[in-house]
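# Structural overview for review
Take a look at the letters that make up each chain.
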Amino acid sequence: MAFDIKISPSGHHCQSQDGETVLEAALNAGFLLPYNCRNGTCGACKGKVLSGKIDPGRAMDSVLLPSEREAGEALFCCATPLSDLTIECREFEAPGEIKVKQLLSKVKRMYVAAPDVMVVQLELAASKRLQFLAGQYVDILLDDGQRRAFSLATAPHDDEILELHIRRMPGGQFTGHVFEELRVRDSLKIEGPFGNFYLRETSEAKPDQPIIMIAGGTGFAPVKSMVEHAIHRKLQRSITIYWGARNADGLYMHDLALDWAAEHENIRYIPVVSEPGAGDDWRGRTGMVHQAVLDDFADLSGSDVYLCGSEQMTIAARRDFVKRGLPETHLYCDVFCSARQLVLTE
Ligand SMILES: Cc1cc2nc3c(=O)[nH]c(=O)nc-3n(C[C@H](O)[C@H](O)[C@H](O)COP(=O)(O)OP(=O)(O)OC[C@H]3O[C@@H](n4cnc5c(N)ncnc54)[C@H](O)[C@@H]3O)c2cc1C
Ligand code: FES
């Protein structure tokens, strides 16, 4: 049975579906209630039930003290509504409000998706979760104190596994290690979430403003997170995805993107290859990915643009898109440069 949940003090409303916890209902509606473990062991999701009835679920006395329970408090990751509810709890509004955490992860699965791209799926300990916004990134903390940034390719609702798409940098220390030495069950220390590159579900201009996402190479990782989040949230805004790679192999999740477009009327997918190989049999668009956007849009003033990839691609795209009328305030950009390159150019 569906129940209405009102969140105070924000005044947000959501509906819980059968068996859904209060936390799941709020997150599914796009409201960022705090959480950590999602299984009743950390207390991060504690809040108050101001009116209505809940089943408190498996909340343990050590995490939710009997006195707190009597005062109407609950762990929203465990509590399911038994009637319409009004609850009181904090909500995050900006990415900076989400607590940055260091967590130990284990490689659950890894596979070579393209000759220079490794997909690495990380698993956290059973009682740990990383809360993040679709499009954000984590740092991998290396033993010698250095760190390397990688975008999360999975959507926030799907937080049991954290997926990274790692491109091998020629001569790169960490990405070389991933290809040569990293194995399933190895540990990686991560810190995050970081970054302002995340999906704004409602545009500041007008709620249904069309979205254009442009990914170069493994810039597809945060785009995947944002698209999967948009699908999960049933966002109806038009989303046009441009994915550019040197050759067809570089579009290492081409079929997934084709499926999104086939299954969702509001999603279009335009792959672009800059140097198709003789054996590629490529019949799609060719050239630079940002040029494909310019060829298709005479005026970008009515779009929100999410741009992610190499420094070279993002600089050229930013310059040309602004000339095409895109307000800088509607351009969200993540530049994939390495920590080593930043140090060298400082
Ligand atoms: C916010 C953000 C998100 C990112 N997300 C992703 C992602 O999802 N996927 C992805 O593939 N990448 C991503 N990147 C890029 C990624 O972080 C880098 O590719 C990675 O840090 C490279 O690490 P490395 O240790 O292999 O390379 P490094 O060892 O840091 O080397 C980087 C490059 O510098 C060169 N170099 C190293 N030392 C020297 C030197 N002394 N002199 C001259 N050249 C040198 C190397 O040959 C190499 O080409 C992201 C970057 C940022 C900033
Ligand atoms: S999220 Fe940890 S107790 Fe609810």
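Residues numbered from 1 in each chain as written. Chains lettered and ligands numbered in written order. Predicted model: local features only at pLDDT ≥ 70, side-chain atom pairs only at ≥ 80, totals over all residues. Heavy atoms only, no water.

## Description of the sheet that holds strand β18 (residues 304–309)
Ordered in space as β17-β16-β15-β14-β18-β19, the six strands form an open sheet in which the pairing is parallel. Strands with a single pairing partner mark the edges of an open sheet, and in this sheet they are β17 (285–286) and β19 (331–335). Here five bridges tie strand β14 (residues 211–216) to β18, and the two strands are oriented parallel to one another. Looking at β18, one finds that Ile 211 is bridged to Asp 304. (Pairing = 2+ DSSP bridges. Helix = DSSP H or I, 4+ residues; strand = E, 2+ residues; numbered from the N terminus.)

## Topic: helix α7 (residues 311–323)
For an α-helix, the turn length of 3.6 residues means that residues three or four places apart are oriented alike. Helix length check: α7, at 13 residues, gives a terminal C-alpha distance of 19 Å against a target of 18 Å (1.5 Å per residue), a fit within 8%. Here α7 has its buried residues at Met 313, Thr 314, Ala 316, Ala 317, Asp 320 and Phe 321. Seen along its axis, α7 keeps its buried residues to an arc of 165 degrees; they face one direction. Residues of α7 that are exposed and angled more than 90 degrees away from the buried face: Gln 312 and Lys 323. (Expected span 1.5 Å × (residues − 1). Buried < 20%, exposed > 50% of the residue type's maximum accessible area, 1.4 Å probe, protein only. Arc of directions from axis to C-beta.)

## Looking at the side chain of Ser 151
By the secondary structure assignment, Ser 151 is in strand β11 (residues 147–151). For Ser 151, the contacting residues outside a window of four places in its chain are Gln 136, Tyr 137, Glu 163, Leu 164, Ala 221, Pro 222, Asp 334 and Phe 336. (Contact = heavy atoms within 4.5 Å.)

## Observations regarding the packing of helix α6 (residues 289–296) against α7
In the contact formed by α6 and α7, the axes pass within 9 Å of each other and the chain directions differ by 15 degrees. Taken as axis vectors, α6 and α7 run roughly parallel relative to one another. The hand of the α6/α7 crossing is right-handed. Facing Val 289, His 290, Val 293 and Leu 294 of α6, the residues of α7 in contact are Met 313, Ala 316, Ala 317, Asp 320 and Phe 321. (Axes fitted to C-alpha atoms, helices over the stretch in contact; angles between N-to-C directions. Parallel < 35°, antiparallel > 145°, perpendicular 65-115°, else oblique. Left-handed = near helix turned anticlockwise from the far one by under 90°.)

## Regarding the pairing of strand β3 (residues 46–51)
In this structure, β3 lies alongside strand β5 (residues 73–75), joined through three bridges in antiparallel fashion. The partner of Lys 46 across the bridge, within β5, is Leu 75. With three bridges connecting them, β3 and strand β7 (residues 85–88) associate as antiparallel partners. Its bridge partner lying in β7, Val 49 is registered against Ile 87.

## Notes on the domain arrangement of the chain
For the chain, the assigned domains read domain 1 (3–93), domain 2 (96–194) and domain 3 (211–344). Using only C-alpha atoms to locate each centre, domain 2 and domain 3 end up separated by 22 Å. Listed as interface residues are 25 residues of domain 2 and, on the opposing side, 18 residues of domain 3. Surface buried jointly by domain 2 and domain 3 totals about 1600 Å² across both partners, of which 59% is contributed by carbon and sulfur atoms. When the area that domain 2 buries against domain 3 is broken down by residue, the three leading residues are Ser 151, His 157 and His 165, summing to 28%. Along the contact surface separating domain 2 from domain 3 lie one salt bridge. The shortest N-O distance in the salt bridge between Glu 163 and Lys 224 comes to 3.2 Å. Seen at the junction of domain 2 and domain 3, the total is six residue pairs in polar contact (both at pLDDT 80 or more). Breaking the side of domain 2 that touches domain 3 down by element, the ones donating at least two residues are β8 (101–114), β9 (117–124), β11 and β12 (161–167). Looking at the side of domain 2 that touches domain 3 residue by residue, the classes come out as 14 nonpolar, seven polar and four charged. (Domains from an automatic or database assignment. Buried area = accessible area lost by both parts, 1.4 Å probe. Salt bridge = Lys/Arg side-chain N within 4 Å of Asp/Glu carboxyl O. Polar contact = N/O pair within 3.5 Å; in protein donor to acceptor, adjacent residues only side chain to side chain. Nonpolar A, V, L, I, M, F, W, Y, C, P; charged D, E, K, R; others polar.)

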